[in-house]
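Geometric and topological summary
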Amino acid sequence: MRIILLGPPGAGKGTQAENIIQALNIPHVSTGNMLREAIEEGSPLGIEAKKVMDKGALVSDDIIVGLVVERLKKPDCSNGVLFDGFPRTIPQAQALDDANIGIDLIIEIQLDDENIIERMSGRRVHISSGRNYHVKFNPPKREGFDDLTGEELIQRDDDKREVVEERLVVYRNQTEPLISFYKAKQTNNDLDYLTVDGSGSVESISQFILNFFRNK
Ligand code: AP5
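Just so it is clear, the model here is predicted, and its values are computed rather than measured. (Residues numbered from 1 in each chain as written. Predicted model: local features only at pLDDT ≥ 70, side-chain atom pairs only at ≥ 80, totals over all residues. Heavy atoms only, no water.)

1. A closer look at the site of the ligand
Around the ligand there are 36 residues in total, and Thr15, Ala57, Arg123, Tyr133 and Arg167 lie nearest to it. In the model, a nitrogen atom of the ligand is placed 2.9 Å from a nitrogen or oxygen of the Gly85 main chain. Here a nitrogen atom of the ligand sits 3.3 Å away from a polar atom, N or O, in the main chain of Val202. With the chains in place, 97% of the 1,000 Å² that the ligand exposes on its own is no longer accessible. Elements with a minimum of two residues in the shell around the ligand: helix 1 (13-24), helix 2 (31-41), helix 6 (113-121), strand 6 (131-134) and helix 9 (202-214). When residues of the shell around the ligand are assigned to their parent elements, the largest contribution, 4 residues, is made by helix 2. Among the residues forming the shell around the ligand, the class breakdown is 15 nonpolar, 13 polar and 8 charged. (Near = heavy atom within 4 Å. Polar contact = N/O pair within 3.5 Å; in protein donor to acceptor, adjacent residues only side chain to side chain. Areas by Shrake-Rupley, 256 points an atom, 1.4 Å probe, with all protein chains shown as cover. Helix = DSSP H or I, 4+ residues; strand = E, 2+ residues; numbered from the N terminus. Nonpolar A, V, L, I, M, F, W, Y, C, P; charged D, E, K, R; others polar.)

2. Some words on the sheet that holds strand 3 (residues 81-84)
Taken together, 5 strands build an open sheet; the order of strands is 2-3-1-4-7 and the sheet is parallel. Edge positions in the open sheet fall to strand 2 (28-30) and strand 7 (192-197), since each of these has one partner strand only. Each neighbouring strand pair of the sheet contributes to a mean axis angle of 20°, computed without reference to strand direction. (Pairing = 2+ DSSP bridges. Axes fitted to C-alpha atoms, helices over the stretch in contact; angles between N-to-C directions.)

3. Structural notes on the pattern of salt bridges
In this structure the tally under the stated criterion is 16 salt bridges. Between Lys50 and Asp157 there is a salt bridge whose closest N-O contact spans 2.6 Å. Here Lys50, found in helix 3 (residues 44-55), pairs with Asp157, found in the loop between strand 6 and helix 7 (161-175); they are 107 residues apart in sequence, far enough to count as distant. Its relative accessible area of 27% is what places Lys50 among the partly exposed residues. Of the charged contacts in the structure, one is a salt bridge between Arg156 and Asp158, with a shortest N-O distance of 3.0 Å. With respect to class, Arg156 is no different from Asp158; both count as buried. (Salt bridge = Lys/Arg side-chain N within 4 Å of Asp/Glu carboxyl O. Buried < 20%, exposed > 50% of the residue type's maximum accessible area, 1.4 Å probe, protein only.)

Following this line, the structure appears as structure tokens:
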């Protein structure tokens, strides 16, 4: 099963991804996490990507599509994949179609801007795994440290308010058109489309999504 998690920055895609990949036993392919790993490694891609990400803009479609195509060649993707933060533009979605990489389900998480800003300002991240926490809504067991590895959590540079505001503009202009793109495919019965209210608790949203799979 190939699934796309769609929604604005900070809507809870990465948080919900954790439960979905465990339930379905498929890998989490997050282009944001892949780029942050490249930044941590200090690779040429990471150095270039950081400049773009810190402004709240999007990394070029060619680079992103190249990263994803390489990732999909790994054997763990043979039974399916959960895309998070990809595709982010119509050309990226078109690249999946052109490569005959069919999508079975879109999960769109909806959240208003006020909640988004509150969530991102309190977000803390474990870089090597991509696990997300929130100082108030989803705190780690030990403040400042990852639950599983005990390693330090960081605050993302692009979670500053002015960058978040720019990311929201970029989302509306470049990513939101994917909603109509994929709803048209739903109308053609090419895929399922699940809309999720992202304003509930992490647990209630997770139950809602997992119930959808149980009833399939
Ligand atoms: P990326 O990392 O993909 O960022 P994003 O899509 O903007 O999404 P986020 O990771 O910010 O949010 P999320 O929806 O995963 O929310 P989370 O679960 O963390 O991309 C970063 C950058 O990389 C982009 O700006 C771009 O430059 C580049 N990039 C990446 N992919 C690209 C692509 N395909 N093309 C081009 N460029 C690309 O939750 C947020 C917070 O809220 C957390 O603290 C969490 O604990 C908390 N929370 C979650 N759910 C709840 C809840 N129900 N109640 C209360 N708190 C909650």
